[in-house]
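Fold and contact review
Chain by chain, the residues:
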Amino acid sequence: MKKTEGRILKKEDLIYPELSYQIIGVVFDVYNKLGYGHKESIYQKAVAVSLKNAGLPFKEQVYSPVMFGEVNIGKNYLDFLVDGMVVLEIKRRNYFHKSHIDQLHNYLIVNKLKLGILVYFTPNSVHFKRVVNII
């Protein structure tokens, strides 16, 4: 248990803790096998293979329209939608960028989802950030 601002956080406080743990395990498996230095598209393909091998249901490059009222004014593509609940976005960089966090949060809002995981493949490791949409 972790104490934050006078409140004790429990595993139950996390959104989809077991699924998140499995997704992060898949990502670390990819990094451990491939290392650093590949294009983002290579990591995405490896993550897809690893998600499949882990038995996790997922969709890749999920179309997400941008609506303005009833009019479709654009399109986005989610890297992965895991088990119909968690958006997984893959990046190859050294640090978290606010625009990527905002983008993922917007995906969650538009698709009425609660959790996204932003993953960065860096020279030294994999870093991830959970992004929550409070619906």
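One can find the structure itself at the top, above this paragraph.
Presented here is an overview of the structure given in this document. Keep in mind that this is a model prediction, so the values were computed, not measured. (Residues numbered from 1 in each chain as written. Predicted model: local features only at pLDDT ≥ 70, side-chain atom pairs only at ≥ 80, totals over all residues. Heavy atoms only, no water.)

Points about the pattern of salt bridges
- Overall, the coordinates contain 2 salt bridges when judged by the stated rule.
- Residue D29 pairs with K33 through a salt bridge whose shortest N-O separation is 3.3 Å. Of this pair, D29 and K33 both sit in helix α1 (residues 17–34), 4 residues apart, roughly one helical turn.
- Residue class for K33 comes out exposed when judged on its relative accessible area of 65%.
- Close ionic contact of D102 with K98 constitutes a salt bridge, the shortest N to O distance being 2.8 Å. With D102 and K98 both in helix α3 (residues 98–111) and 4 residues apart, this pair spans about one turn of that helix.
- Take D102: its relative accessible area is 38%, and that puts it in the partly exposed class. (Salt bridge = Lys/Arg side-chain N within 4 Å of Asp/Glu carboxyl O. Helix = DSSP H or I, 4+ residues; strand = E, 2+ residues; numbered from the N terminus. Buried < 20%, exposed > 50% of the residue type's maximum accessible area, 1.4 Å probe, protein only.)

Quick notes on the sheet that holds strand β5 (residues 86–92)
- Reading across from one edge, β3-β4-β5-β6-β7 is the order of the 5 strands in this open sheet, with mixed pairing throughout. The open sheet is flanked by β3 (58–68) and β7 (126–132), the only strands paired with a single partner. Taking each pair of neighbouring strands and ignoring which way they run, the sheet shows an average axis angle of 35 degrees.
- Those strands touched by helix α2 (residues 40–53) are β3, β4 (71–82), β5 and β6 (115–121), and its axis lies near 145 degrees from that of β5. (Pairing = 2+ DSSP bridges. Axes fitted to C-alpha atoms, helices over the stretch in contact; angles between N-to-C directions. Contact = heavy atoms within 4.5 Å.)

Structural notes on a nonpolar patch on the surface
- Together, F68, V71 and I73 make up an exposed nonpolar region whose accessible area comes to about 340 Å².
- With respect to the secondary-structure elements, V71 resides in strand β4. (Patch = residues over 30% accessible without salt bridge, like charges linked within 9 Å, V, L, I, M, F, W, Y side chains within 5 Å. Areas by Shrake-Rupley, 256 points an atom, 1.4 Å probe, with all protein chains shown as cover.)

What about the packing of α1 against α2?
- Packing of α1 against α2 brings their axes to within 9 Å, and their N-to-C directions diverge by 120 degrees. Taken together, the axes of α1 and α2 are oblique relative to one another. With respect to the hand of their crossing, α1 and α2 are arranged in right-handed fashion. Between α1 and α2, the contacting residues are V26, D29, V30 and L34 on the first element and I42, Y43, A46, V47, S50 and L51 on the second.
- Among the residues forming the contact of α1 with α2, the class breakdown is 8 nonpolar, 1 polar and 1 charged. (Parallel < 35°, antiparallel > 145°, perpendicular 65-115°, else oblique. Left-handed = near helix turned anticlockwise from the far one by under 90°. Nonpolar A, V, L, I, M, F, W, Y, C, P; charged D, E, K, R; others polar.)

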